[in-house]
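# Observations on the three-dimensional arrangement
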Amino acid sequence: MTTEQEELFRADPFVKLVLETIGISSINLIGGAVTDILEGRKPKDYDTVGGLELYKDKLGLEFQYETKTAKTFKKGDLIIQSLKTQKEDFDFKISQATLKVDYNKKVSLELDKESFDNKSLIPCERCWSEKLNALKALQRVVHWRKKGYKINDITYLSLLGVVGKSNNKNS
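Since this is a predicted model, take the numbers as computed values, not measurements.

### A look at the overall build of the protein
A count of helices and strands for the protein gives 7 helices and 7 strands. Of the regular secondary structure in the protein, the N- to C-terminal order runs α-α-β-α-β-α-β-β-β-β-β-α-α-α. By principal-axis analysis of the C-alpha atoms, the protein measures approximately 60 × 35 × 25 Å. Here the protein, with 171 residues, has 43% of them falling under the buried criterion. Considering only contacts in the protein between residues 6 or more positions apart, those separated by 24 or more positions represent 61%. Carbon and sulfur atoms make up 50% of the accessible area of the protein, which amounts to about 9800 Å² in all. Distance from the positive charge centre (29 side chains) to the negative charge centre (25 side chains) of the protein: 4 Å.

Structure below.
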């Protein structure tokens, strides 16, 4: 991570809150919020995996609601979600971008450089294994296009092919 990137993260309101809160061991921010911060946009919400619920009181988060996939909290105008899934469940490599804030207040970034540099949607392995995964990935394309990301036509058509495959061997 470059110094400039680290400064962007440290200036973000949610990351700043985590860094200023004593007694937090680590929090992983993932997905679109990571790329939003890197690209100078204000995230609409922050998705986290692991750890958030342990520190919700220290962070001053107010519980809002729970769905099948996440618990949503709020602090001021920040919306923070504690996901019940892991980053490997995300559809595209760029979606798996992760910012780790550890107990030493060190921030580190895991980011698929090819996806980020080329603003390209590269499906994760799980998208090729089941129709439902491919369909979910296709549904997320619109979201990522709004952020300036694109998907190769062949890749898009290949995902459509996975969705169109029949589970019935006699078809």
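Moving on from the model shown.
### Examining the sheet that holds strand β7 (residues 107-110)
Here 7 strands make up an open sheet; going across it, the order is β3-β4-β5-β2-β1-β6-β7 and the pairing mixed. Looking along the sheet, the strands with just one partner apiece sit at the ends: β3 (62-66) and β7. On average, each strand axis in the sheet is inclined to that of its neighbour by 30 degrees, with strand direction left out of account. Note: strand β4 (residues 70-75) against strand β5 (residues 78-83), 6 bridges, orientation antiparallel. Of the residues in β5, the one forming a bridge with K71 is S82. Relative to the sheet, helix α2 (residues 13-20) contacts β1 (26-30), β2 (46-49), β4, β5, β6 (98-102) and β7, its axis offset from that of β6 by approximately 25 degrees.

### Section: the nonpolar core
Residues L29 and L59 are the most contacted members of the largest nonpolar core, which totals 39 residues. Those elements that place two or more of their residues in this core are α2, β1, α3 (32-38), β5, β6, α6 (131-146) and α7 (153-164). Setting aside its immediate chain neighbours within four residues, L29 contacts F14, V15, V34, I37, Y46, D47, T48, A97, T98 and L99. Judged by nonpolar contacts, the second largest core, of 5 residues, contains V49, A70, L83 and F90.

Definitions and cut-offs
Residues numbered from 1 in each chain as written. Predicted model: local features only at pLDDT ≥ 70, side-chain atom pairs only at ≥ 80, totals over all residues. Heavy atoms only, no water. Helix = DSSP H or I, 4+ residues; strand = E, 2+ residues; numbered from the N terminus. Buried < 20%, exposed > 50% of the residue type's maximum accessible area, 1.4 Å probe, protein only. Contact = heavy atoms within 4.5 Å. Areas by Shrake-Rupley, 256 points an atom, 1.4 Å probe, with all protein chains shown as cover. Lys, Arg positive; Asp, Glu negative; His and termini not counted. Charge placed at Lys NZ, Arg CZ, Asp CG, Glu CD. Pairing = 2+ DSSP bridges. Axes fitted to C-alpha atoms, helices over the stretch in contact; angles between N-to-C directions. Core = buried A, V, L, I, M, F, W, Y, C linked by side-chain atoms within 4.5 Å.

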